[in-house]
Each structure stands twice: as structure tokens, then as C-alpha cells.
Amino acid sequence: MQKITLFEGDGIGPEITKEVVRVIHALELPLEFEPYAIGKTSFEQTGELIPQEAINSIHRNKVALKAPVTTPIGHGFRSVNVGLRLAFDLFANIRPARSIPNVITRYDNIDLVVFRENTEDLYIGLEEQIDEDTVHAIKKITRKASTRIIRAAFEYAKENNRHLVTCVHKANILKKSDGLFLQIFNEIKQEYPDIQANDLIVDNTCMQLVMRPEQFDVLVMSNLYGDILSDLTSGLIGGLGLLPSVNKNEEYAIFEAVHGSAPDIAGKNIANPTALLLSACMMLDHLHYHQQANQIRNALMDVYANTDIRTPDLGGTATTTKFTDAIIARL
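Every value quoted in this text rests on a predicted model; they were computed, and no experiment measured them. (Residues numbered from 1 in each chain as written. Predicted model: local features only at pLDDT ≥ 70, side-chain atom pairs only at ≥ 80, totals over all residues. Heavy atoms only, no water.)

Novice: Is there a simple way to explain the overall build of the protein chain in this structure?
Specialist: Regarding its fold elements, the protein chain presents 11 helices and 12 strands. Relative to the compact-globule value of 20 Å for 331 residues, the protein chain shows a C-alpha radius of gyration of 20 Å, a close match. C-alpha atoms of the protein chain, sized along the principal axes, occupy 55 × 45 × 40 Å. The burial tally for the protein chain puts 51% of its 331 residues in the buried class. A fraction of 73% describes how many contacts in the protein chain between residues 6 or more apart in sequence connect residues 24 or more apart. (Helix = DSSP H or I, 4+ residues; strand = E, 2+ residues; numbered from the N terminus. Rg over C-alpha atoms; globule rule 2.2 N^0.38 Å. Buried < 20%, exposed > 50% of the residue type's maximum accessible area, 1.4 Å probe, protein only. Contact = heavy atoms within 4.5 Å.)

Okay, here's the thing in C-alpha cells:
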């Protein structure tokens with residue numbers, strides 16, 4: 001029996017987690033979930049953001065499924081998401097964006113993947129108050145971290161029949177930090193002669209993504225650009241509520257929905273579970289249940305393609321439960 005660490009999160013987290021677990025259980029797989037509270041819920045109960053028993057569970061199980069956790073803006077505790085990534089050195093954040101049937105957007109042919117380096121760049125949070133009017137922030141780029149995220153992107157392209165890897169950077173201005181990232185990209189691409197490789201300045205990439213997103217396949221970049229561009233790519237397919245993700249390294253993987261905890265609709269049974277469900281499908285692939293992962297994806301896409309069952313975020317009136325019922329009925 002494979003055990004999976006489960007973080008229900010807060011806000012809408014427990015509601016969508018319940019429905020996603022229900023879908024997975026419908027397949028009768030030998031999987032068992034170990035639930036733990038983290039973030040705001042845990043802090044209010046125990047004074048700890050990430051209890052040690054939750055950390056121990058990840059160490060044992062190697063795999064976790066995580067719902068959204070509230071992060072205060074400008075005050076309060078540090079992001080639990082960042083804390084988990086650093087605690088387990090989860091250097092790769094992978095976010096595939098793929099168009100979903102009958103979700104009306106400007107595009108209907110999106111199929112791209114963002115590889116975001118997870119452990120350094122401005123996200124190390126090293127800020128120094130120089131005087132009352134001046135703050136310095138440190139942007140850290142290393143050969144080790146850059147090498148492993150870039151290589152991971154090329155390996156993913158190789159294993160998944162992807163044809164192009166694009167390096168996103170600002171090396172025209174940040175000649176040493178982003179310059180190092182680009183230099184390493186140009187070194188590593190020589191090892192993959194069957195995969196096309198190019199690079200784009202980050203601002204140009206943003207423009208190209210909203211003008212001709214079909215030109216992109218796999219994109220790799222440092223932490224801050226990855227945070228921004230992966231949200232941009234979610235907008236191309238209908239929003240963060242439809243975008244799955246994983247934070248991983250060679251040993252551990254935490255699969256999560258990257259949208260917010262939406263406390264304003266918590267407890268109303270109207271949240272969209274799609275992002276967390278697709279993240280769970282990525283988890284099943286990781287555990288080598290490829291057929292079952294595709295069963296869920298196909299059932300989900302059939303609901304979108306052939307019914308008007310939608311949660312309110314997509315213009316429908318269905319509850320979270322009714323939407324999930326429709327998916328299970330098609331498994």
C-alpha cells in the first residue's frame with residue numbers, strides 16, 4: 001500500500017481535497033492518504049506552520065498532495081509553499097498548461113510546460129535595509145541550481161517527445177546572474193542535439209506568449225520569472241483554477257494546486273477542483289499509474305467537452321460535489 005502525505009490546506013482547500021480524494025478512491029488503487037494540517041490552520045492550533053510530524057510523513061512517503069494554503073501579504077508568516085520547497089530542496093517547479101475543451105479563452109491550442117527553478121533567485125528573501133529610504137534585495141544564481149533545472153527541462157522534453165526548449169532570461173541587463181543561467185543553458189543544449197533550443201528575454205517572452213503562444217513547448221527559467229510567467233500561461237487556458245503543478249527533486253515530489261485558498265467562498269461547496277485533480281493525475285503518473293491518470297483526465301475533459309456542468313468560476317451553477325459526481329460517473 002503506497003502512502004501519500006495529504007495537506008488539505010485552508011480556505012477552499014478541504015473542500016476540493018475531499019472531492020479529489022473521492023475521485024482517486026473511485027479507481028480502487030492501493031493508495032492510502034495521511035492527512036496533516038499545515039499553514040494557517042496548523043499555526044492557529046499548534047503555533048507551528050509545518051508540524052514536525054508532517055515533515056516526517058514526507059520523508060517516509062516521498063510523495064505529497066497539497067491543497068492551497070493562505071500566505072499573508074506584506075506581514076505575518078512566510079509562505080509555507082516556499083518553506084516546503086526549501087526544506088526538501090524541491091528545485092523544480094513544473095507547471096503544464098493545456099487548453100481545456102469548451103473553456104472559452106483567446107486560444108484553443110495551448111500545450112506548453114514551464115520549468116521554474118525553485119530554490120534561489122530573489123526568492124531567497126535576503127533583503128537589507130540600507131536606510132529608511134533604501135532597501136537592497138539579493139538575486140542569487142548558482143551553477144548548481146541552474147544546471148539541474150535546465151537539465152530537468154531537457155530530460156522532460158526528451159522523455160515526453162517535446163521538440164523545443166526555450167530559456168527565458170534578462171541577460172542583456174543582468175549580465176552576470178542571468179548571464180550565468182544563459183551560459184549554462186547554452187552548454188547543456190549541446191548534449192541534446194535532437195531537441196531544438198532557443199532563448200528569449202523575459203519581457204519579449206511575455207509579449208510572444210500573448211501574441212503567438214503556439215510557438216512555445218517547454219520553457220525554463222529562474223525563480224521570479226517562473227512565478228510570473230507560469231501565472232501568465234494559466235491565463236491562456238482560463239486561469240489558475242485549471243493549472244496543475246509539482247515541486248520535486250530526484251527523491252521527493254509535492255503535487256499541488258497553485259491557486260489561492262479563496263477564503264471568500266470557503267464552505268460554500270462551489271470551488272473548482274480541476275487544478276488539484278490534474279495535479280493528482282501528475283502524481284499518479286509519478287507513481288506509474290499512467291492508465292488511471294489518463295482515465296481521470298479523459299473523464300474530466302469529457303465533462304468539459306460534452307456537458308454544461310461548470311462551477312461558478314467558469315460561468316456555471318454546479319457545486320463542487322456535483323462537478324465531481326459527473327467526473328466519477330465517466331470513469
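Novice: Quick question: what am I supposed to make of the side chain of Asn61 here?
Specialist: Along the polypeptide, Asn61 turns up in helix H3 (residues 52-61). When its relative accessible area of 9% is taken as the criterion, Asn61 is described as buried. Only 3.0 Å separates the side chain of Asn61 from the side chain of Thr5, close enough to count as a polar contact. With near-sequence residues (within four places) excluded, Asn61 lies in contact with Gln2, Lys3, Ile4, Thr5 and Glu34. (Polar contact = N/O pair within 3.5 Å; in protein donor to acceptor, adjacent residues only side chain to side chain.)

Novice: Just to check I follow, could you spell out the pairing of strand E3 (residues 63-66) for this structure?
Specialist: A regular strand places its side chains so that they alternate between the two faces of the sheet. Because side chains alternate across E3, one face comprises the buried residues Val63 and Leu65, and the other comprises Ala64 and Lys66, equally buried. Sheet topology note: the strand E1 (residues 2-7)/E3 ladder contains 3 bridges and is parallel. Each residue of the ladder has a partner; that of Leu6, found in E3, is Leu65. Bridge count for E3 against strand E12 (residues 253-257) is 4 bridges, and the pairing is parallel. Note that in E12 the partner of Lys66 across the bridge is Glu256. (Pairing = 2+ DSSP bridges.)

Novice: I tried to follow the sheet that holds E12 on my own but got confused; where do I start?
Specialist: Note on sheets: strands pair through backbone hydrogen bonds, and any given pair is parallel or antiparallel. Spatial strand order, E2-E1-E3-E12-E11-E4-E5-E10-E8-E9: 10 strands in an open sheet with mixed pairing. A strand with exactly one partner marks an edge of an open sheet, and here the two such strands are strand E2 (31-36) and strand E9 (196-201). The average angle at which neighbouring strand axes cross in this sheet is 25°, direction not considered. Packed on one face of the sheet, helix H1 (residues 13-26) meets E1, E2 and E3 and runs near 165° to E2. (Axes fitted to C-alpha atoms, helices over the stretch in contact; angles between N-to-C directions.)

Novice: Could you clarify how one ought to interpret the pattern of salt bridges in this entry?
Specialist: Any two side chains of opposite charge can pair if their charged atoms end up close together. In this structure the tally under the stated criterion is 20 salt bridges. A salt bridge links Asp227 to Arg116; its shortest N-O distance comes to 3.7 Å. Taken as a pair, Asp227 in helix H8 (residues 223-237) and Arg116 in strand E5 (residues 111-117) lie far apart in primary sequence, 111 residues in all. For the salt bridge of Asp285 with Arg297, the shortest nitrogen-to-oxygen distance reads 2.5 Å. With Asp285 in helix H9 (residues 274-286) and Arg297 in helix H10 (residues 290-306), this residue pair connects regions lying 12 residues apart in the sequence. Salt bridges here are not isolated pairs; linked through shared partners, they connect Arg98, Asp111, Arg162 and Asp217. (Salt bridge = Lys/Arg side-chain N within 4 Å of Asp/Glu carboxyl O.)

Novice: Please clarify how the packing of H1 against helix H11 (residues 320-329) should be interpreted in this entry.
Specialist: The angle between the axes and the distance between the axes are what describe a pair of packed helices. At their nearest, the axes of H1 and H11 sit 10 Å apart, and the two run at 15° to each other. Judged on the interaxial angle alone, H11 and H1 are roughly parallel. Seen along the crossing, H1 lies across H11 with a hand that is right-handed. Contact with H1, carried on its side by Glu19, Arg22, Val23 and Ala26, involves Thr320, Thr321, Thr324, Asp325, Ile327 and Ile328 of H11 and no other residues of that element. (Parallel < 35°, antiparallel > 145°, perpendicular 65-115°, else oblique. Left-handed = near helix turned anticlockwise from the far one by under 90°.)

Novice: How should the pairing of E1 be read in this particular structure?
Specialist: Bridge count for E1 against E2 is 6 bridges, and the pairing is parallel. Residue Lys3 lies in a different strand from E2, and its bridge partner there is Glu32. Handedness of the crossover joining E1 and E2 through H1: right-handed. (Right-handed = clockwise from strand over helix to strand, strands pointing away.)

Novice: How do you make sense of the packing of aromatic side chains when you look at a structure like this?
Specialist: What characterises a pair of aromatic rings is the spacing of the ring centres plus the angle enclosed by the ring planes. In total, this model carries 5 aromatic pairs according to the counting rule given. Ring centres of Phe154 and Phe185 lie 5.5 Å apart, and the angle between their planes is 35°; on these two criteria the pair is classed as tilted. In this pair, Phe154 is assigned in helix H5 (residues 143-159) and Phe185 in helix H6 (residues 177-188), connecting sequence segments 31 residues apart. Each member of the pair Phe154 and Phe185 is classed as buried. Three or more aromatic residues joined by ring pairs form one cluster here, namely Phe154, Phe185 and Tyr192. We note Arg116 situated over the ring of Tyr123; from NZ or CZ to the ring centre the distance is 5.0 Å. (Phe/Tyr/Trp six-rings, centres within 6.5 Å; stacked < 30°, edge-to-face > 60°. Lys NZ or Arg CZ within 6 Å of the ring centre and 35° of its normal.)

Scope: geometric values only; no functional claims are made or implied.
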